[in-house]
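Commentary on secondary and tertiary structure
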Amino acid sequence: MENSIILPAHNKPALPCPSWKFIADEARELRAFMQRGEFIGYYQSAFALSHAQVSHAPLHFFVVNEQYDKGSLVRQFGSWCIMNLKITQFGDPIYWEEACMSFPYRKPRRVDRMSHITTEYYIPFLGTWRKMKKKLKDLPAFISQHENDHAAGKNIYYA
């Protein structure tokens, strides 16, 4: 059986997550969906997936692929689940070629991204959540910007 992303037609901005407990079950389900990795289209795995890509009532969180580079992304973010991410500073513009799991049959596209960002977000922590402030660069920075676009109801093909 193959997995497919359901791109809601509404492109609604995601609502802020009120707490970890409120989203925990859906976050775990999205995590399992990504880990199965049986996607249709050109791409067999994802760096991350946003709740806005699969829900008609999107919440502002995304899950990170724990299998990528032996967990390197999770270590850089501090968790597999990132909630209510805000970019507070950015710098070093760069063109970055990226694809989107919401468009499984589209080729990657060059996108304007920032290679260095400062972020604030929440991660699950002992049954609740914990605020993080992180400087991210390169791939984690690009992922953060891409998933934040989804949370804003945007994507790389139709801004």
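Presented here is an overview of the structure given in this document. Treat the numbers as computed from the prediction; the structure is a model and nothing was measured.

Reading guide: rules and limits
- Residues numbered from 1 in each chain as written.
- Predicted model: local features only at pLDDT ≥ 70, side-chain atom pairs only at ≥ 80, totals over all residues.
- Heavy atoms only, no water.
- Core = buried A, V, L, I, M, F, W, Y, C linked by side-chain atoms within 4.5 Å.
- Buried < 20%, exposed > 50% of the residue type's maximum accessible area, 1.4 Å probe, protein only.
- Helix = DSSP H or I, 4+ residues; strand = E, 2+ residues; numbered from the N terminus.
- Phe/Tyr/Trp six-rings, centres within 6.5 Å; stacked < 30°, edge-to-face > 60°.
- Lys NZ or Arg CZ within 6 Å of the ring centre and 35° of its normal.
- Pairing = 2+ DSSP bridges.
- Expected span 1.5 Å × (residues − 1).
- Bend = angle between axes of the 7 residues up to and from the residue.
- Contact = heavy atoms within 4.5 Å.
- Polar contact = N/O pair within 3.5 Å; in protein donor to acceptor, adjacent residues only side chain to side chain.

Considerations on the nonpolar core
Looking at soluble globular proteins, one finds that nonpolar side chains tend to be buried together. Residues Ile23, Leu49 and Phe61 are the most contacted members of the largest nonpolar core, which totals 35 residues. Every element with two or more residues in this core is listed here: α1 (20-36), β1 (48-50), β2 (61-64), α2 (72-77), β3 (81-98), β4 (109-125), β5 (128-137) and α3 (139-151). Among the elements that take part in this core, α1 stands out by supplying 7 residues, more than any other. Formed by 5 residues, the second largest nonpolar core is a distinct cluster that contains Phe103, Val111, Ile156 and Tyr157.

Quick notes on the packing of aromatic side chains
Aromatic ring pairs are reported here in terms of the distance separating the ring centres and the angle at which the planes meet. In this structure the tally under the stated criterion is 11 aromatic pairs. Summarising the aromatic geometry, the rings of Phe103 and Tyr158 are spaced 6.0 Å apart at their centres and angled 50 degrees between planes, so their arrangement reads as tilted. Of the two residues, Phe103 sits in the loop between β3 and β4 while Tyr158 sits in the segment after α3, which places them 55 residues apart along the sequence. Its relative accessible area of 11% is what places Phe103 among the buried residues. Pairing Tyr122 with Trp129 gives two aromatic rings, centres 4.4 Å apart and planes at 25 degrees, and the pair type is stacked. What makes Tyr122 partly exposed here is its relative accessible area of 24%. In this structure an aromatic cluster arises from ring pairing among Tyr42, Tyr43 and Tyr105. For the cation-ring pair, Arg106 lies above Tyr157, with the distance from its terminal atom to the ring centre recorded as 5.0 Å. Looking at Lys107, its charged tip hangs above the ring of Tyr42, at a distance of 4.4 Å from the centre.

A word on the pairing of β2
For a regular strand, side chains alternate in direction, first toward one face of the sheet and then toward the other. Of the two faces of β2, the one holding Phe61 and Val63 and the one holding Phe62 and Val64 are both buried throughout. Of the strand pairs in this sheet, β1 and β2 are connected by 3 bridges, and their pairing is antiparallel. Its bridge partner lying in β2, Ala48 is registered against Val64. Direction of pairing for β2 relative to β3: antiparallel, over a ladder of 3 bridges. Within the sheet, the bridge partner assigned to Phe62 lies in β3 and is Ile82.

A look at α1
Compared with an ideal rise of 1.5 Å per residue, which puts 17 residues at 24 Å, α1 spans 23 Å between its outermost C-alpha atoms and is within 8% of the ideal. Maximum bend of α1: about 30 degrees, positioned at Glu26. Three or more residues of α1 are buried, namely Trp20, Ile23, Ala24, Ala27, Leu30, Phe33 and Met34. For α1, the elements touching its buried residues are β1, β2, β3, β4 and β5. Positive phi appears at Gly37, one or two residues downstream of α1, with a value of about 60 degrees.

A short note on the side chain of Ser50
Mapped onto the secondary structure, Ser50 falls in strand β1. In terms of polar contacts, Ser50 uses its side chain to reach the backbone amide nitrogen of Ala52, at 3.1 Å. What Ser50 contacts, discounting residues up to four positions off in sequence, is Leu30, Phe61, Phe62, Glu147, His150 and Ala151.

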